[in-house]
Amino acid sequence: LTGWRIPSGVWPLRWSRVTREQEVIRWEVGRTKNKEGRTLHYGALPALKALIERWWAKRRPPCPYVFHRWGRRIDQKRAYREWHVVCDRLEIRGKDACTVRHAMVMRLDRVGVSRSVARTITGHKTESMYVRYRQVRKEEQEEALAKIAE
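These numbers were taken from a predicted model, which means no experiment stands behind them.

1. A closer look at the side chain of His-102
- Looking at the element boundaries, His-102 is found in helix H4 (residues 97–110).
- For His-102, the side chain forms a polar contact with the main-chain oxygen of Tyr-133, separated by 3.1 Å.

See below:
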């Protein structure tokens, strides 16, 4: 939904970082792969809002984690297994977490979101790393060539 890193952005997310009333998720400085904190106003993304609300209804106090397995944090190895289970349930084949990050970067770019704003959503620290995730589609290349051929 957002292009977050699964093992460092999704699985360790704690309820103390989610403010449901304001529809905000905050990552503290030092708690992300790139060590930078960030804020996401998730209310503008209905699918993410619904996901947060579903997990809120399934929370298991005293478990602090938003995404958990029977009240316990999902570890790194389990995270990848869970990822494949979810993909199978959604009938998505051949996709890994990095593919989803690439797709999110492409989608943000395609709809015209500025790179600086897109990076706050996906969590890319630098412009160069964001650009590495931005792949040029065949259709984009063809469209560009057609423009100069006119």
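2. A few points about helix H3 (residues 76–89)
- For H3, built from 14 residues, the straight-helix expectation of 20 Å at 1.5 Å per residue is met to within 8% by its first-to-last C-alpha distance of 20 Å.
- The first or second residue beyond H3 is Glu-91, which carries a positive phi of 60 degrees.

3. Some details on the pairing of strand E2 (residues 24–27)
- Bridging between strand E1 (residues 18–19) and E2 involves 2 bridges; their strand directions are antiparallel. What sits directly across from Thr-19, in E2, is Val-24.
- Between the end of E1 and the start of E2, which pair antiparallel, lie 4 residues, with Glu-23 showing a positive phi angle near 55 degrees.
- Relative to strand E3 (residues 38–41), E2 runs antiparallel, the two being bridged by 4 bridges. Across the sheet, Val-24 pairs through a bridge with His-41, a residue of E3.

4. Quick look at the packing of aromatic side chains
- Inspection of the entire model under this criterion finds 2 aromatic pairs.
- Between Trp-15 and Trp-56, the ring centres sit 5.0 Å apart and the planes meet at 80 degrees, which makes this aromatic pair edge-to-face. Taken together, the positions of Trp-15 in the loop between helix H1 (6–10) and E1 and Trp-56 in helix H2 (residues 46–57) put the pair 41 residues apart, joining distant regions of the chain.
- Residue Trp-56 is classed as partly exposed on the basis of its relative accessible area, which comes to 27%.
- Taken together, a centroid distance of 5.3 Å and an interplanar angle of 75 degrees make the contact between Trp-55 and Phe-67 edge-to-face.

5. Comments concerning the environment of His-124
- With respect to the helices, strands and loops of the structure, His-124 is situated in the loop between helix H5 (115–122) and helix H6 (127–133).
- According to the relative accessible area criterion, His-124 is buried, its value standing at 3%.
- Along the backbone, His-124 and Trp-4 are 120 residues apart, and their C-alpha atoms lie at a distance of 9.1 Å.
- Beyond its immediate chain neighbours, meaning those up to four positions away, His-124 contacts Asn-34, Arg-101, Val-105, Arg-119, Met-129, Tyr-130 and Tyr-133.

The rules behind these values
Residues numbered from 1 in each chain as written. Predicted model: local features only at pLDDT ≥ 70, side-chain atom pairs only at ≥ 80, totals over all residues. Heavy atoms only, no water. Helix = DSSP H or I, 4+ residues; strand = E, 2+ residues; numbered from the N terminus. Polar contact = N/O pair within 3.5 Å; in protein donor to acceptor, adjacent residues only side chain to side chain. Expected span 1.5 Å × (residues − 1). Pairing = 2+ DSSP bridges. Phe/Tyr/Trp six-rings, centres within 6.5 Å; stacked < 30°, edge-to-face > 60°. Buried < 20%, exposed > 50% of the residue type's maximum accessible area, 1.4 Å probe, protein only. Contact = heavy atoms within 4.5 Å.

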